[in-house]
Amino acid sequence: MPEASEEKSRLEHHAHVQVRRYVPPLSFKHLRRLTDGTGLFQHAYFGVPRRLDGYCSDDNSRALILMAREQRRAPRDEVIDLATTYLSFLQYAQRADGLFRNFMLYDRSWAGLPAGEDCQGRCLWALAESLDSPMPEHIRMPVWDMFARAIEWFDKIHYLRSLCFTLLAMERICSVRDEQRFRRIAARAAERLAESFDEHADGQWQWFEDKLTYANGRLPHAMFAAHALLDEQRYLDIARRSMDFLISVTAADGIFDPVGSNGWYERHGHRAQFDQQPIEAMSTSAAAIAAFESTGSRDYLEVAAMCGRWFVGGNVLSAPVADIDRGSCRDGLHAEGPNANEGAESTLSYLLTMQALCQYDVDLTLAQESI
């Protein structure tokens, strides 16, 4: 019977669609709206750029990383245009001595002295990512000049997350120009992280500090990068132990449940569940992908996918925090629900996560209809 044959074909097609691997497509709609001729606005009032808070180098460097990777993934004029804006902001932020300023008011005046070490590390990482990207020569030339001036300061970096950003920058730049001075900086950063891990870790607490706080995934991520660059087994051991510990703390019944910023998680103390920040999902996902690349274990790739699902509703409140069509993301998950504002850090955390995951065989579908 024709009707039965058509129905069988429809069901077979439906079943095929249901099991297809899926990562939401990237949309830069909201990112473009947060970007003006100066750079990327730091905050949003709901979905509207909040000019009162101006701009920062932290977010413009994250945006430049996004564009550098997008140019590798799907090169197009839109990417070059946005990358030029973010690079121009960082160029203006960089002082003659190579250090970067961070906070700019809407009137384009700078607020305060040179930024802290984390910002310096993020900016260097963004420059390294840009150099390891098929950007046109008119962009690569100023990036090399900025990188050469910035690198002079990186023997003076001390804070752990700043060391992580530095290590990730060195891993990336060495794929473009492998020089001993870059490896020396990477080795120094890796040793400092390893020493901190040895100082604080014990049988139950496999971590670099006595407290889990902000962007926790960057710490094991940096150690996986150190192993990839320097081929030191000790770094891989620390990377795996710290990664497995982080997963044990932040995964619950297949759901990513990161440490909340409303109190963090101190050794022997109470673990805060809220307010959960998008940067935790992004940094943990990136670390899990690095773990997969280093070990070949698909268990880590599933952790990365679990972090991706956090954005689309796979969290403790079953509440989507990202708008797939606009490419925006709420500024955190509170006990009562998502924060309604959609600032730059949150939006970039979502976009960077999806951009990375779309290159792997993962599925972010939360539930499948039964056939």
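This report concerns the structure included in the present document. (Residues numbered from 1 in each chain as written. Predicted model: local features only at pLDDT ≥ 70, side-chain atom pairs only at ≥ 80, totals over all residues. Heavy atoms only, no water.)

The subject of this paragraph is the pattern of salt bridges. Once their charged atoms are close, side chains differing in charge can pair, the charge on each being opposite to the other. Evaluated as defined, the whole model comprises 29 salt bridges. Close ionic contact of aspartate 325 with lysine 29 constitutes a salt bridge, the shortest N to O distance being 3.2 Å. You can see aspartate 325 sitting in the loop between β10 (322-323) and β11 (328-329) and its partner lysine 29 sitting in helix α2 (residues 29-33), a full 296 residues away along the chain. Note that arginine 330 and glutamate 342 form a salt bridge whose closest N and O atoms lie 3.9 Å from each other. Taken together, the residues span a long stretch of sequence, with arginine 330 in the loop between β11 and β12 (333-334) and glutamate 342 in the loop between β13 (337-338) and α13 (344-357) at a distance of 12 residues. In this structure arginine 330 comes out as partly exposed when scored by relative accessible area, which is 28%. We classify glutamate 342 as buried; its relative accessible area is 5%. (Salt bridge = Lys/Arg side-chain N within 4 Å of Asp/Glu carboxyl O. Helix = DSSP H or I, 4+ residues; strand = E, 2+ residues; numbered from the N terminus. Buried < 20%, exposed > 50% of the residue type's maximum accessible area, 1.4 Å probe, protein only.)

Now for unusual backbone geometry. Cis geometry marks the peptide bond from phenylalanine 274 to aspartate 275, where omega comes out at 5°. Tracing the chain through its elements places aspartate 275 in the loop between β9 (265-266) and α11 (278-295). A positive phi is found at arginine 108, a non-glycine position, where the angle reads about 70°. You can call arginine 108 partly exposed: its relative accessible area is 49%.

Attention shifts here to the sheet that holds strand β5 (residues 110-111). Strands sit in the order β3-β4-β5 across an open sheet of three strands; the sheet is antiparallel. If you trace the sheet from one side to the other, it starts and ends with β3 (55-56) and β5, each paired once. With two bridges connecting them, strand β4 (residues 103-104) and β5 associate as antiparallel partners. Looking at β5, one finds that phenylalanine 103 is bridged to alanine 111. (Pairing = 2+ DSSP bridges.)

A word on the state of the cysteines. Under the definition given, this model contains zero disulfides. Cysteine 119 provides the cysteine sulfur closest to cysteine 164, a residue in no disulfide bond, and the two sulfurs are 16 Å apart. For cysteine 164, a relative accessible area of 0% gives the class buried. In this structure cysteine 307 is not part of a disulfide, and its nearest cysteine sulfur, from cysteine 329, lies 13 Å away. In this structure cysteine 307 comes out as buried when scored by relative accessible area, which is 0%. (Disulfide = S-S within 2.5 Å.)

This part covers helix α12 (residues 298-311). Taking 1.5 Å of rise per residue, the 14 residues of α12 would be expected to cover 20 Å, and the 21 Å separating its terminal C-alpha atoms lies within 8% of that figure. Of all 14 residues that make up α12, 11 are buried, and the element is covered over most of its length. Residues of α12 that are buried: Tyr300, Leu301, Val303, Ala304, Ala305, Met306, Cys307, Gly308, Arg309, Trp310 and Phe311. In the stretch just after α12, glycine 313 is the one whose phi turns positive, near 120°. (Expected span 1.5 Å × (residues − 1).)

Helix α5 (residues 117-131) packs onto helix α3 (residues 57-73) with a crossing angle of 20° between their chain directions and a minimal axis gap of 8 Å. Relative to α5, α3 is oriented roughly parallel. For the element pair α3 and α5, the recorded crossing hand is left-handed. Side by side, α3 and α5 meet where Ser57, Asp58, Ser61, Arg62, Leu64, Ile65, Ala68, Arg69 and Arg72 of the first sit next to Cys119, Arg122, Cys123, Trp125, Ala126, Glu129 and Ser130 of the second. (Axes fitted to C-alpha atoms, helices over the stretch in contact; angles between N-to-C directions. Parallel < 35°, antiparallel > 145°, perpendicular 65-115°, else oblique. Left-handed = near helix turned anticlockwise from the far one by under 90°. Contact = heavy atoms within 4.5 Å.)

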